[in-house]
Amino acid sequence: MCTGRIEPEFVLKAFQSGADGVLILGCHPGDCHYQEGNYNALRRFHLLRKVLNQFGIEDERFRLDWVSASEADKFVETINDMVQTIKTLGPLKKEMTVG
């Protein structure tokens with residue numbers, strides 16, 4: 001229920017399983033019901049992006065964004081933007097092995 005609970009292993013497993021991109025959406029910083037969950041997610045996001053770069057995965061394939069439940073238009077726009085980005089990049093051709 002909170003981006004702060006997303007384990008890096010989930011993202012790595014998604015790419016390993018054939019995902020061409022991963023998008024994480026959470027509540028805006030400062031608006032987290034769990035107080036610091038989205039700040040924890042942001043820190044993990046930056047570290048995980050460095051790891052993904054080591055596997056040759058482009059930054060654009062992994063995205064974190066903030067969208068509240070009342071921002072339906074932004075939600076749709078963010079999803080559409082990510083889909084277009086992945087279409088432009090094409091399928092992920094790198095094979096990665098996790099643990």
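Residues numbered from 1 in each chain as written. Predicted model: local features only at pLDDT ≥ 70, side-chain atom pairs only at ≥ 80, totals over all residues. Heavy atoms only, no water.

Visitor: What exactly am I supposed to notice about the nonpolar core here?
Guide: Nonpolar side chains in soluble globular proteins generally cluster together in the buried interior. Ranked by internal contacts, the top residues of the largest apolar core, which has 13 residues, are Val11, Phe15, Val22, Ile24, Leu48, Leu52 and Phe62. Those elements giving two or more residues to this core turn out to be α1 (8–16), β1 (22–26), α2 (37–54) and β2 (62–66). Among all residues touching Ile24, those that are not within four sequence positions of it are Thr3, Ile6, Val11, Phe62, Arg63, Leu64 and Asp65. (Core = buried A, V, L, I, M, F, W, Y, C linked by side-chain atoms within 4.5 Å. Buried < 20%, exposed > 50% of the residue type's maximum accessible area, 1.4 Å probe, protein only. Helix = DSSP H or I, 4+ residues; strand = E, 2+ residues; numbered from the N terminus. Contact = heavy atoms within 4.5 Å.)

Visitor: How should the pattern of salt bridges be read in this particular structure?
Guide: Oppositely charged side chains can form a pair if their charged atoms are brought close together. This model, assessed by the stated rule, comprises five salt bridges. Between Arg49 and Asp59 there is a salt bridge, with its nearest N and O atoms 3.6 Å apart. With Arg49 in helix α2 and Asp59 in the loop between α2 and β2, this residue pair connects regions lying 10 residues apart in the sequence. The class for Arg49 is partly exposed, based on a relative accessible area of 22%. With relative accessibility at 32%, the residue Asp59 sits in the partly exposed group. We note a salt bridge from Asp81 to Arg63, for which the minimum N-O separation is 2.6 Å. (Salt bridge = Lys/Arg side-chain N within 4 Å of Asp/Glu carboxyl O.)

Visitor: Whenever I open this one, α2 confuses me. Can you help?
Guide: Given 3.6 residues per helical turn, the α-helix brings residues three or four places apart onto the same face. For α2, spanning 18 residues, the distance from its first C-alpha to its last is 26 Å, which sits close to the expected 26 Å at 1.5 Å a residue. When we look at burial in α2, the residues that qualify are Gly37, Asn38, Ala41, Phe45, Leu48 and Leu52. Along the axis of α2, the buried positions cluster into a sector of 85 degrees, meaning they face one direction only. Of the exposed residues in α2, the ones pointing more than 90 degrees away from its buried face are Leu47, Lys50 and Gln54. Buried residues in α2 make contact with α1 and β2. Phi turns positive one or two residues past the end of α2, at Gly56, with a value near 80 degrees. (Expected span 1.5 Å × (residues − 1). Arc of directions from axis to C-beta.)

Everything listed here is a matter of coordinates, which is why it stays silent on function.
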